[in-house]
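# Survey of secondary and tertiary structure
Below, each chain spelled out in residue letters.
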Amino acid sequence: MSVARDIITVAGVSAGVFFFFAGTVGLLRFPDTLTRLHALSKADNLGLGFVVLGLLPQTGGLRDGLKLISIWMFVLLAGATVSQLIARTARQSGSGK
Amino acid sequence: MNIATVFEIALAAVVLGLAIWTIAVPDTYSATVGFIAYGLLVALIWVRLDAVDVALTEAAIGGGLGGVVLLGAAARLRDTEAMTTEGPSLIVRLSAAILSASIAAALAVTILLLPDPAPTLAPAVVANAGATGMTNPVTNVLMAFRGMDTMLEKVVLLLAIVGVWSLASDQAWGGRPGPRHQADPNGVLAFLARLLPPAGIVVGIYILWTGADHPGGAFQGGAVLASMWLLVIMAGLVDTPPVRSRWLRLILVGGPGLFLAVGLGGLCFGAAFLAYPVAFAKPLILSIEVAMLLTIATTLGLLLAGAPERSAER
């Protein structure tokens, strides 16, 4: 059982790292604010999601698992809101083009 | 050399590089962003050192609320910085560099000259962990074994808020801190400010409650509560309270006041200042912590809200 759990963890965290890496490359390479935000929010949402998914089998119980999932939910909420606010400001000030 | 060591060396190198970049970058805003990232990475270092309590505080204060204070300062400085063409003179910069370098050197010498093994009271703390009914050694030290330091720290917070308020002009004295924030009442910020605080308040109280046995405590919980309050203020849903308001000042002095009262009670009825009666140690510490949670949350929120700027009527 523990081997199966470890395989899920390695796969999940690796997928998360891939999205964080892709998001970081996008943040550095994309030409303007809106596309950079797009890359960054993918990294936050999917990357952290996969990392949490990978860590779930390693938790001691339901409580810890729920804590991990709620951390991901909070990051989703905050990330989506902040991206919206930055994108709106960038668009209004004209730098988003 | 295992993978954890490689990670630690990489982390330390990134923190050092970021620190140098923060000092070297000419733009105030970039330096502030660098400093916030630096605070978050230092929190990771504390986690690696198994000091999770310190890591929580560093992330909440150094990375979070402190970062917001610096961002606000950078925004205010932007206009004056655009007008001044020349930087500080060579002598000022040289003296600042010499002063900073000598402080860094003194710290390094102090660390390097520590006897090996360094003197520690950690075994005594672990041995007496049961005396207060709490198992988190950090909370034991903060609230019981070195309660005096924690009490004085809260008084320092009060002094800080007095210092911020004293920047108010005569007309605004007693009024509301900061500008009145306006946001679209149907926008995303107002939505977040309605959705997040119920969960955030639960998390803040949970961090206080779990601090008895796990990493956490009044300061970290208070920082979460303060950020929820600031979110609601920034979304324009509520206004900052006028600093002359009586309930506000009662909350501000409530935590340190109760701490002092319990301390004096220990002097009158017990062995020494801040000596808790063994049977009531946990309830007393818990009530001090609850009062301090409110005081810390209010103080941190008001520190970020700034000096009174508007009369209380509007």
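Chain A appears in an unreviewed UniProt entry as Monovalent cation/H(+) antiporter subunit G from Bradyrhizobium barranii subsp. barranii.

### Digging into the overall build of chain B
Of regular secondary structure, chain B possesses eleven helices and two strands. Moving toward the C terminus, one meets the helices and strands of chain B in the order α-α-α-α-α-α-α-β-α-α-α-α-β. Structurally, chain B occupies a C-alpha span of about 60 × 55 × 40 Å along its principal axes. Put simply, chain B has 314 residues, and 28% of those count as buried.

### Examining the nonpolar core
Residues Trp229, Ile288 and Ile296 of chain B are the most contacted members of the largest nonpolar core, which totals 46 residues. Ranked by residue count, the leading element in this core is helix 11 (residues 281–305) of chain B, at 13 residues. Core analysis: the next-biggest nonpolar cluster, separate from the first, contains five residues, Ala43, Phe50, Val51 and Val52 of chain A among them.

### Quick word on the interface of chain B and chain A
Contact with chain B, which involves four residues of that partner, is made by four residues of chain A. The residue makeup of the side of chain B that touches chain A, split by class, is four nonpolar, no polar and no charged.

### Points about the packing of helix 3 (residues 62–93) of chain A against helix 8 (residues 188–210) of chain B
Two elements in contact, helix 3 of chain A and helix 8 of chain B, have axes separated by 9 Å at closest approach and are oriented at 160 degrees. Relative to helix 8 of chain B, helix 3 of chain A is oriented roughly antiparallel. Helix-helix and strand crossings are classified by hand; for helix 3 of chain A and helix 8 of chain B the assignment is left-handed. Within the contact between the two elements, helix 3 of chain A uses Leu77, Thr81, Gln84 and Leu85 of chain A and helix 8 of chain B uses Val188, Leu189, Leu192 and Leu196 of chain B. Its residues assigned to classes, the contact of helix 3 of chain A with helix 8 of chain B shows six nonpolar, two polar and no charged.

### Things to note about helix 8 of chain B
The terminal C-alpha atoms of helix 8 of chain B lie 32 Å apart, and with 23 residues this matches the ideal 33 Å at 1.5 Å per residue to within 8%. At Leu196 of chain B, helix 8 of chain B is deflected by roughly 40 degrees, the largest bend along its length, and proline Pro197 of chain B occurs up to four residues later in sequence. Buried within helix 8 of chain B are the following residues: Leu189, Leu192, Ala193, Leu196, Gly204, Ile207 and Leu208 of chain B. Looking at the buried positions of helix 8 of chain B, the neighbouring elements they touch are helix 3 of chain A together with helix 9 (218–234) and helix 11 of chain B.

### A short note on the UniProt feature "transmembrane region" (unreviewed entry) in chain A
All names here are of chain A. As recorded in UniProt, the feature "transmembrane region" (unreviewed entry) lies at residues 7–28 and 69–87. End-to-end, the C-alpha atoms of residues 7–28 are 32 Å apart, and along that stretch the chain is 100% helix and 0% strand. Each end of residues 69–87 is marked by a C-alpha atom, and these two atoms are 27 Å apart; helix forms 100% of the span and strand 0%.

### What to know about the environment of Gln171 of chain B
Tracing the backbone shows Gln171 of chain B in the loop between helix 7 (147–165) and strand 1 (176–177). Of the residues examined, Gln171 of chain B has 11 C-beta atoms within 10 Å and is grouped as exposed.

### Here's the deal with the packing of helix 3 (residues 52–83) of chain B against helix 9 of chain B
Residues and elements named next belong to chain B. At a closest axis distance of 9 Å, the pairing of helix 3 and helix 9 adopts a crossing angle of 35 degrees. Taken as a pair, helix 3 and helix 9 cross one another with a handedness that is left-handed. Together, Leu56, Thr57, Ala60, Ile61, Gly64 and Leu65 of helix 3 and Phe219, Gln220, Ala223, Val224, Ala226 and Ser227 of helix 9 make up the contact between the two elements. Looking at the contact of helix 3 with helix 9, its residues break down into eight nonpolar, four polar and no charged.

### So, helix 4 (residues 90–112) of chain B
With 23 residues, helix 4 of chain B ought to run about 33 Å at 1.5 Å a step, and its terminal C-alpha atoms sit 32 Å apart, in line with that. Among the 23 residues of helix 4 of chain B, zero are classified as buried, and the element is accordingly described as predominantly exposed.

Rules behind the numbers
Residues numbered from 1 in each chain as written. Chains lettered and ligands numbered in written order. Predicted model: local features only at pLDDT ≥ 70, side-chain atom pairs only at ≥ 80, totals over all residues. Helix = DSSP H or I, 4+ residues; strand = E, 2+ residues; numbered from the N terminus. Buried ≥ 20, exposed ≤ 12 C-beta atoms within 10 Å, placed from the backbone. Core = buried A, V, L, I, M, F, W, Y, C linked by C-beta atoms within 7 Å. Contact = placed C-beta atoms within 7 Å. Nonpolar A, V, L, I, M, F, W, Y, C, P; charged D, E, K, R; others polar. Axes fitted to C-alpha atoms, helices over the stretch in contact; angles between N-to-C directions. Parallel < 35°, antiparallel > 145°, perpendicular 65-115°, else oblique. Left-handed = near helix turned anticlockwise from the far one by under 90°. Expected span 1.5 Å × (residues − 1). Bend = angle between axes of the 7 residues up to and from the residue. UniProt positions renumbered as here; feature names shortened; annotations may be inferred.

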